[in-house]
Amino acid sequence: MDAAQIDQVRRFNRTVTERVGVLHDQYLGRDRPIGEARLLREIGEQGQDVRRLRERLGLDSGYVSRLLRSLEADGLVGVEPHPRDRRVRTVRLTDAGRAERAELGRRSDDLAGRLLGPLNNTQRARLVAAMAEVDRLLSAATVTLDVADPDHPDAEHCLLSYFAELRERFETGFETARSLLPDATELSPPQGLFLIARLHGEPVGCAGLKLPPGAPAEVKRMWVAPHARGLGLGRRLLAELEATASRHGREVMRLDTNTVLDAAIGLYRSCGFQEVAAFNDEPYAQHWFEKRLIAPSAG
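Residues numbered from 1 in each chain as written. Predicted model: local features only at pLDDT ≥ 70, side-chain atom pairs only at ≥ 80, totals over all residues. Heavy atoms only, no water.

Student: Which residues make up the nonpolar core, and what values go with them?
Tutor: One finds L209, M222, L233, L238, L241, M253 and F273 to be the most contacted residues of the largest nonpolar core, which totals 47 residues. Of all the elements in the fold, those that place two or more residues in this core are α7 (153-169), β5 (192-199), β6 (202-210), β7 (217-224), α8 (233-247), β8 (252-257) and α9 (262-270). Once residues within four sequence positions are removed from consideration, L233 is found in contact with V143, A197, V204, V224 and A228. Judged by nonpolar contacts, the second largest core, of 19 residues, contains L28, A37, L40 and V50. (Core = buried A, V, L, I, M, F, W, Y, C linked by side-chain atoms within 4.5 Å. Buried < 20%, exposed > 50% of the residue type's maximum accessible area, 1.4 Å probe, protein only. Helix = DSSP H or I, 4+ residues; strand = E, 2+ residues; numbered from the N terminus. Contact = heavy atoms within 4.5 Å.)

Right, dumping it as structure tokens:
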């Protein structure tokens, strides 16, 4: 990053905050700041766990508690313990809260119309396309990669989603009992590693790495949720696994895959993997790849 890039980002932030009115305590002409308005939107019609709200918005617990107390005092929300776990607090909209949320939605539509109104059709198309690209890139920058236990609930969510997709896409279906699935210890330090990609606290991808002694590193169970594809997560996951394998002294990293996973095959090839002869008996594998790794520098 250079100074010009930093300056452009700051200028963009100033323009956006001014044009959408977040500098005012009465956002969209209502008697509440944008923080409360955004919280009403995220609670949604079905309600939400307070912890999930904090993760989704990236806010600390004290600030969220203050916002909720204000909304509760206005009769817009109700906060209560979860019926199955009293340690978990759940927030739901009241009838007044749903009406306020709907009004905020209408006013948000009006604001969007006022932003686009002064522009001609070509300018509108350019602005909307640019906004979509900014949204995509900011979402990509928001994703975190975390080392996790393969038995963690988020890991189980990713793996079950991955297996369900394989069952749908493979002509023969997919049975976990037939596949050469690594056990949890093979994807846990020091034998391996398991990564979870999270977007706003939601698990949206995973990847495992086996580090068998005296053998090449092996990528296992790499998956990205359909709605998070196009954010570069597969490439990020691979890069992190490569760096880890290199730090553990591995010179080669391997993986296997199926023909129908054409996007994954394209990713592997673009990342420098070369197709090789079969190196395992995985019944669902039809292609085998490996890559020579660059040893980490002494610095």
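Student: Outline the packing of helix α2 (residues 34-43) against helix α5 (residues 95-116), supporting the account with residue identities and numerical values.
Tutor: Contact geometry for α2 and α5: axes closest at 10 Å, N-to-C directions at 110 degrees. It follows that α2 is roughly perpendicular to α5 by the angle criterion. Between α2, through A37, L40 and R41, and α5, the contact on the second element is made entirely by E100, R101 and L104. The residue inventory of the contact of α2 with α5, partitioned by class, reads three nonpolar, no polar and three charged. (Axes fitted to C-alpha atoms, helices over the stretch in contact; angles between N-to-C directions. Parallel < 35°, antiparallel > 145°, perpendicular 65-115°, else oblique. Nonpolar A, V, L, I, M, F, W, Y, C, P; charged D, E, K, R; others polar.)

Student: Quick one: what's the story with the pattern of salt bridges, residue by residue and with numbers?
Tutor: According to the stated counting rule, one finds 26 salt bridges in the structure shown. E42 is the salt-bridge partner of R56, the closest N and O atoms lying 3.7 Å from each other. A residue pair is termed long-range when its members are at least 10 positions apart, and R56 in helix α3 (residues 50-57) and E42 in helix α2 qualify at 14 residues. The exposure class assigned to R56 is partly exposed, which follows from its relative accessible area of 24%. Using a relative accessible area of 16% as the deciding quantity, one classes E42 as buried. The residue K220 makes a salt bridge to E218 at a minimum N-O spacing of 3.6 Å. (Salt bridge = Lys/Arg side-chain N within 4 Å of Asp/Glu carboxyl O.)

Student: Now, about α2: what can you tell me, with residues and values included?
Tutor: In terms of residue burial, α2 counts as a mostly covered element, since seven of its ten residues are buried. By the burial criterion, the buried members of α2 are G35, E36, A37, L39, L40, E42 and I43. Backbone geometry just after α2 places G44 at a positive phi near 70 degrees.

Student: Describe the sheet that holds strand β10 (residues 287-292), naming the residues involved and giving the relevant values.
Tutor: With respect to topology, seven strands assemble into an open sheet ordered β4-β5-β6-β7-β8-β10-β9, the strand pairing being mixed. Two strands lie at the open edges of the sheet, namely β4 (144-147) and β9 (274-276), each paired on one side alone. For this sheet, the mean inter-axis angle between neighbouring strands, taken without regard to orientation, is 30 degrees. Strand direction decides the pairing type here: β7 and β8, joined by two bridges, are parallel. By the bridge assignment for β8, E218 is matched with R254. Taken strand by strand, α7 contacts β5, β6 and β7, and its axis lies near 80 degrees from that of β7. Relative to the sheet, α9 contacts β7, β8, β9 and β10, its axis offset from that of β10 by approximately 25 degrees. (Pairing = 2+ DSSP bridges.)

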